Every structure is written in C-alpha cells, then in structure tokens.
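Working through the structure, step by step
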Amino acid sequence: MLDRVYGFASATALTLALTLGLAAASAADDSTSATTGPADGVQFGKVVIDEVEIAYREAGDPSRPTVLLLHGFPTSSHMFRDLIPVLGERYHVLAPDYPGFGASAMPSVENFDYSFDRLAEMMTAFIDRKGVGRYAVYLMDYGAPVGYRMFADNPGRVTGFIIQNGNAYEEGLPEFWDPIRAYWADRSTENGDALRGFLTLEATKWQFLHGTQNPAQISPDNFWHVQYLLDRPGNQEIQLALFYDYRTNVALYPQWQALFRAHQPPALLVWGRNDEIFPEAGAHPYKRDLKDIEFHLLDTGHFALEEYGAFIAERMLAFLDWVAR
C-alpha cells in the first residue's frame, strides 16, 4: 500500500488539455447514440434510456479498457473536461451526466424517481448500451454511492476504483451533514427549505473554492456552469429528493465495506484533504478494507481536479496501466 500526503500541487510532464469542452451534442432522432466532438478527440453523445435522454462525453478507442467517470454534486461530466482527453490517449473513457444534471434530460420529480438506486440502474443501462463489459471507475461525491451500487450488483465487472472525495464510511459524515440528517429524520417543508441554501451561487462558489491553495486560479466558469443548471425551474426539488435519499447510502455502508473485503478491487485514492463535505476522516477507513490501495492526500478542497488535475491524471494512467497489465 502506497501512502502519500501532498502539501503542494505536483509538477508533471503531462499537460492537460485546456479546451472548455462545452457539450454541443447535436439533437438526433437516433435514440441509441449521437456523437460529435472537437479536435482533442472528446465526443459528446446522447442515448435514450427508459425515455430519458442521457448525455455523455467519450474519448479513446472503444476496443481498449474502459474507465467510467462518475461525477458528484452539483456538477456533471464537465468536472472531467480536462482529464478526459489525457486518459483518452490510452484508454476508452465514458463520462455520463445523471438525469437532472449537466446536459441530460431533467424530468420532474413527479415523473422520475430521483434516488441513488435509480441513478445506478440508469448508469448500468448506459454502459450496457455502450457495449462495455468490465470497467475501472472514478468515484467522486455522488459518484461513490452510484458506483458502489453498480459494484454491489456485479463486483466482477469492476477492474478497479479511483476514489476522490467519495464516502463509504460513517467517519466521513461530519457536522456539515447535520441539517441533512435533520431532513432524513423529518422530511418537512421547513427542513427541506433549510437545505436550499446549499443550492445558491454563494454555496456553489464555496464548494469550488474552500480548501484550495490558490482560489484565484479556480476558473469561475465552474460557478456559472453549475449555477445555471441548479437554477432551472424544478431542479431544486430534484436536489432535495437526492438529499433525502442519501440516507439510503449510509445504510448500505456495511454492505459495501464487506464487498471491499471480499473482492479486494485495486484502488487509487486521491483525496482533497481540506474538504469539509467529505473530509480526510472518510479517506483513511478505506485502508482497513482494501489491501491493494495507493493512497494520496492532496492539499486542496472538494473538487481536487481543479488544482491537482495533472497529478491525478498521471497517477490514474499509472494505475490503469497496472490494472490492465
């Protein structure tokens, strides 16, 4: 087990692509797939699953091993915009947007079950539609409960985990979660309204900037992209539904931990140690259950790719090369 703490942004020979990667997938009548993409090899596609359009980014040769990138709250596959072209030089990369996020369709809470069970089902259907058998998976924030549900459904399909501020342990839910715990205990309008502050521009900026070494270097494009999506009519109700359903993840932690111990998937952990949502305390317990883990604590916040993207890409390529050997 490799165990490292990083107090500065690592220099690397890898130069990340700087294209913004705006999702400009053309509308298509083909409900199976439609793609278009820029010169860096990233394509933007859409598939229709159970009458819900799922947008995704894709790069690399589909005949090569696949790495699935599962985004967190409140972002989308946009968070991987610089990572995808780097990984795509050697691997097949898929980064979907969940329903209600990014460029995917946003059915109302009355017309879609916004639960982590349902998101995992949709993501499994997505990779099935794309013809993917086995895959490594990047798990960040909401991506962890989605990906761990997929792992629990078919452990042999997962070749390895890349874990970035994605929780699976009670130790990883600090006082920050107390207002959400209150909502779990009593799903009242009052408790729900108390959480709407997490969906404001101020809160979005805080998520991207808090704990970073140099906030002035975090692109404000992140804020405007995310906040535009959160401000769509009906989206706050979607986010409140997922806040409430997050309680089901906590109940599944012991099951996931048992599966880690039983199947021992190799893991690369790259964790922003200054994150108040999923703090460092949630990273260390993985070492109890996963024997083959490369462990890195990074001196940054929740969205570690914004400051440590080059380092994470470098470690991911080495890890994926080792897994695929």
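Residues numbered from 1 in each chain as written. Predicted model: local features only at pLDDT ≥ 70, side-chain atom pairs only at ≥ 80, totals over all residues. Heavy atoms only, no water.

Brief notes about the side chain of Arg157
Following the sequence through the fold, Arg157 ends up in the loop between α3 (143–153) and β8 (158–164). Filtering out sequence-adjacent residues up to four positions away, Arg157 remains in contact with Thr124, Ile127, Asp128, Val132, Gly133, Arg134 and Tyr135. (Helix = DSSP H or I, 4+ residues; strand = E, 2+ residues; numbered from the N terminus. Contact = heavy atoms within 4.5 Å.)

Thoughts on the pattern of salt bridges
Tallying each qualifying case throughout the model produces 15 salt bridges. Notably, a salt bridge pairs Glu121 with Arg118, separated by 3.1 Å at the nearest N-O pair. Note that Glu121 and Arg118 are positioned in helix α2 (residues 116–129) at a spacing of three residues, about one turn of the helix. Asp289 is the partner of Arg261 in a salt bridge, and the nearest nitrogen-oxygen pair spans 3.0 Å. Highlighted residues: Arg261 in helix α9 (residues 247–263) and Asp289 in helix α10 (residues 286–289), separated in sequence by 28 residues. Given the relative accessible area of 45%, Arg261 is considered partly exposed. Salt bridges here are not isolated pairs; linked through shared partners, they connect Asp50, Arg118 and Glu121. (Salt bridge = Lys/Arg side-chain N within 4 Å of Asp/Glu carboxyl O. Buried < 20%, exposed > 50% of the residue type's maximum accessible area, 1.4 Å probe, protein only.)

A closer look at the environment of Gly41
Its place among the elements puts Gly41 in the loop between β2 (34–36) and β3 (43–49). Along the primary structure Gly41 and Asp61 are separated by 20 residues, whereas in three dimensions their C-alpha atoms are 9.9 Å apart.

Let's talk about helix α4 (residues 178–185)
Given 3.6 residues per turn, any residue in an α-helix points the same way as the ones three and four places further on. Among all positions in α4, only Ile180, Tyr183 and Trp184 are buried. Down the axis of α4, the sector holding all buried residues measures 105°, keeping them to one side. Where the residues of α4 are buried, they touch α5 (189–193), α8 (235–245) and α9. (Arc of directions from axis to C-beta.)

Focus on the packing of helix α6 (residues 201–209) against helix α7 (residues 221–230)
Taken N-terminus to C-terminus, the directions of α6 and α7 make an angle of 140°; their axes are 10 Å apart at the nearest point. Looking at the two axes, α6 sits oblique to α7. Classified by chirality, the crossing of α7 by α6 is right-handed. Taken together, the residues of α7 that come into contact with α6 (itself represented by Leu201, Thr204, Lys205, Phe208 and Leu209) are Asn222, Phe223, Trp224, Val226, Gln227 and Leu230. (Axes fitted to C-alpha atoms, helices over the stretch in contact; angles between N-to-C directions. Parallel < 35°, antiparallel > 145°, perpendicular 65-115°, else oblique. Left-handed = near helix turned anticlockwise from the far one by under 90°.)

So, the pairing of strand β6 (residues 92–96)
When you tally the buried positions in β6, you get five out of five residues, the bulk of the element. Of the two faces of β6, the one carrying His92, Leu94 and Pro96 and the one carrying Val93 and Ala95 are both buried. As paired strands, strand β4 (residues 52–59) and β6 are joined by four bridges and run antiparallel to one another. Paired with Ala59 across the two strands is Val93, which belongs to β6. The pairing of strand β5 (residues 66–70) with β6 spans three bridges and is parallel. Each bridged residue has a counterpart across the sheet, and for Val67 the counterpart in β6 is Val93. (Pairing = 2+ DSSP bridges.)

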